[in-house]
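The residues making up each chain are set out below.
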Amino acid sequence: MAQVRSVVALLWCLSTAALVWAEDPYFYFTWNVTYGTISPLGVPQQVIMINDQFPGPNINSTSNNNLVVNVFNNLDEPLLFTWHGIQQRKNSWQEGMPGTNCPIPPGTNFTYRFQVKDQIGSYFYYPTMALHRAAGGFGGLRVNSRLLIPVPYLDPEDDYTVLIGDWYTKSHTALRKVLDSGRSIGKPNGVLINGKNKADNEAPLFTMKPDKVYKYRICNVGMKTSLNFRIQGHNMKLVELEGSHTVQNVYESLDVHVGQCYAVLVKADKEPKDYLMVASTRFTQYTLTGTGLMRYTNSKGPASTELPKAPVGWAWSLNQFRTFRWNLTASAARPNPQGSYHYGRINITRTIKLANTVTNVDGKLRYAINGISHVDPPTPPKLLEYYGVTEKVFEYNLVKDEVVDSEQAKVTLAPSIVNATFRNYIEIILENHEKGIQTWHLDGYSFFAVAIETGKWTPEKRKNYNLLDAVSRSTIQVYPYSWAAIMLTFDNAGLWNLRSTMGERFYLGQQLYISVLSPARSLRDEYNLPDDALLCGIVKDMPKPPPYSSGA
């Protein structure tokens, strides 16, 4: 009998070990990226499709899943995809930016492999090069909470993705030529909701059963315009923002700035009929509107033609931002494993103050940060660092931690890479000296969005920071003639892009890379260059450096 008990105990131990060491699930996707012709604004135009879909297919995953996306590039141009808001822990090799990856040549394929480790939330993907995003290639990416981890609301009846964004009828190649010639691409031609501009009475975008609650993930995938989103007759309860559970305030409408994502709950408790979703431009001298149809399953009538009005002024939007709060009582996964519930008590080791600039260089429009307008070198800087040949291509820290206003007009075109000390806790001030709104995104990290205020930043402004429950997120808007402050720990080794989310500004230089190097070439801190990584430029035929060690 004792022997039997020993065998049972051994089997239990083995099964427990298997559970502990079992790998997280893998999910595989194959994408065929092609051109197609559709008429989202009534005019036939060339768009970028994924598996013949526009927008592209949703990626539906769960925290800690491993995602394998095999991309076949059947365009006539090199291609890269980025996973906007997903934290690539120790793995900037999969970020899909020109500074970290060689592009996928036409007629070939490349496989992205990454894990959505310790995060949940609403995100999207899009192509990063050659103004491709203006032609499509974008889609939703959601990370659900594991069943063992409770979320702070009941499971909704269904989960919907709403991709809103401004849209141009010119092709991305025509828009690119405009920018290359030194001019702005001007105002967009319309606004799309999931690839459509106007509600289709025959084919609603979404259906809802009476008295059921639905989750809507709303992302602004456009090129340059902030949008206000609202639904006829329905309020929206905000529950998640870019990977963070939020205090559940209720809103009639939400300002969704370029690159931002929100998740809201909507209850179907109104008169059973059709209702319009509305997305309209904000902070512009023109008004463009897109609509989409939401239908009750027992609908007894058409939607009203009277659209709910958008708010007026950016002060309203600033006040709305201040109502967003991190839900400190919600369970994991937390989107900020490198942070702390007590982030406001951590000593700041460095302050970086960045200001955006618009100017002309040699008669051509350029955008810059602290006087440096970024230019992508032929070899991605991340590969140059890995191979130890950076001195041949770029100089670190051309962007200084603070530049006086009089020097902002002196713009230099160069690769812009800033060094950051591994695991330092820093503060970044984003100052906007222009009359238009700005929106920023940082790859590889969630940061604490602690303040947005008017005027110019001074150290005394820190007394106004939210140091208790600021939302941990990866984008932040900066209103005209205002500033925003974010705080974070640079503990994710790699090369990470800080950029304007506005396509025109990003294309013309309003971006930089932050190099976070681990003191030791250790797998504890960063993964090796993948064996199947694409190589280009001066490293293409060079022997690979020794791999990182597995030692602590």
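Procedures and definitions
Residues numbered from 1 in each chain as written. Predicted model: local features only at pLDDT ≥ 70, side-chain atom pairs only at ≥ 80, totals over all residues. Heavy atoms only, no water. Buried < 20%, exposed > 50% of the residue type's maximum accessible area, 1.4 Å probe, protein only. Helix = DSSP H or I, 4+ residues; strand = E, 2+ residues; numbered from the N terminus. Pairing = 2+ DSSP bridges. Axes fitted to C-alpha atoms, helices over the stretch in contact; angles between N-to-C directions. Contact = heavy atoms within 4.5 Å. Core = buried A, V, L, I, M, F, W, Y, C linked by side-chain atoms within 4.5 Å.

Asks: Help me understand the pairing of strand β2 (residues 45–50), please; the structure alone is not making it clear to me.
Replies: Working note: regular strand, side chains alternate between the two faces of the sheet. β2 sits mainly inside the fold: 5 of its 6 residues count as buried. Taken together, the 6 bridges between strand β1 (residues 26–38) and β2 define a ladder with antiparallel strand orientation. Residue pairing in the sheet places Ile38 in a bridge with Gln45 of β2. In textbook terms, the turn of a hairpin is the stretch between consecutive antiparallel strands, and for β1 and β2 this stretch comprises 6 residues, one of which, Gly42, has a positive phi near 85°.

Asks: What should I look at first to understand the sheet that holds strand β13 (residues 227–231) in this one?
Replies: Backbone hydrogen bonds are what pair the strands of a sheet, in a parallel or an antiparallel way. The strand order across the open sheet formed by 5 strands is β11-β20-β19-β13-β17, and the pairing between neighbours is mixed. What marks the edges here is a single partner per strand, and that holds for β11 (206–208) and β17 (253–256). Taking each pair of neighbouring strands and ignoring which way they run, the sheet shows an average axis angle of 25°. Pairing of strand β19 (residues 274–281) with strand β20 (residues 289–296), which is carried by 7 bridges, proceeds in the antiparallel orientation. Across the sheet, residue Tyr275 finds its bridge partner in β20, namely Met294. Across the sheet, helix α3 (residues 314–323) touches β13 and β17, and the angle it forms with β17 is around 95°.

Asks: Can you walk me through the nonpolar core in this structure?
Replies: Proteins that are soluble and globular tend to have nonpolar side chains buried together. Core analysis: the largest hydrophobic core is formed by 66 residues, its most contacted members being Tyr216, Phe229 and Ile476. Beyond its immediate sequence surroundings of up to four residues, Phe229 is in contact with Val162, Ile164, Ile218, Met236, Ser253, Leu254, Val256, Met277, Val278 and Ala279. Of all hydrophobic cores here, the second largest spans 26 residues; its members include Trp31, Val33, Phe110 and Met129.

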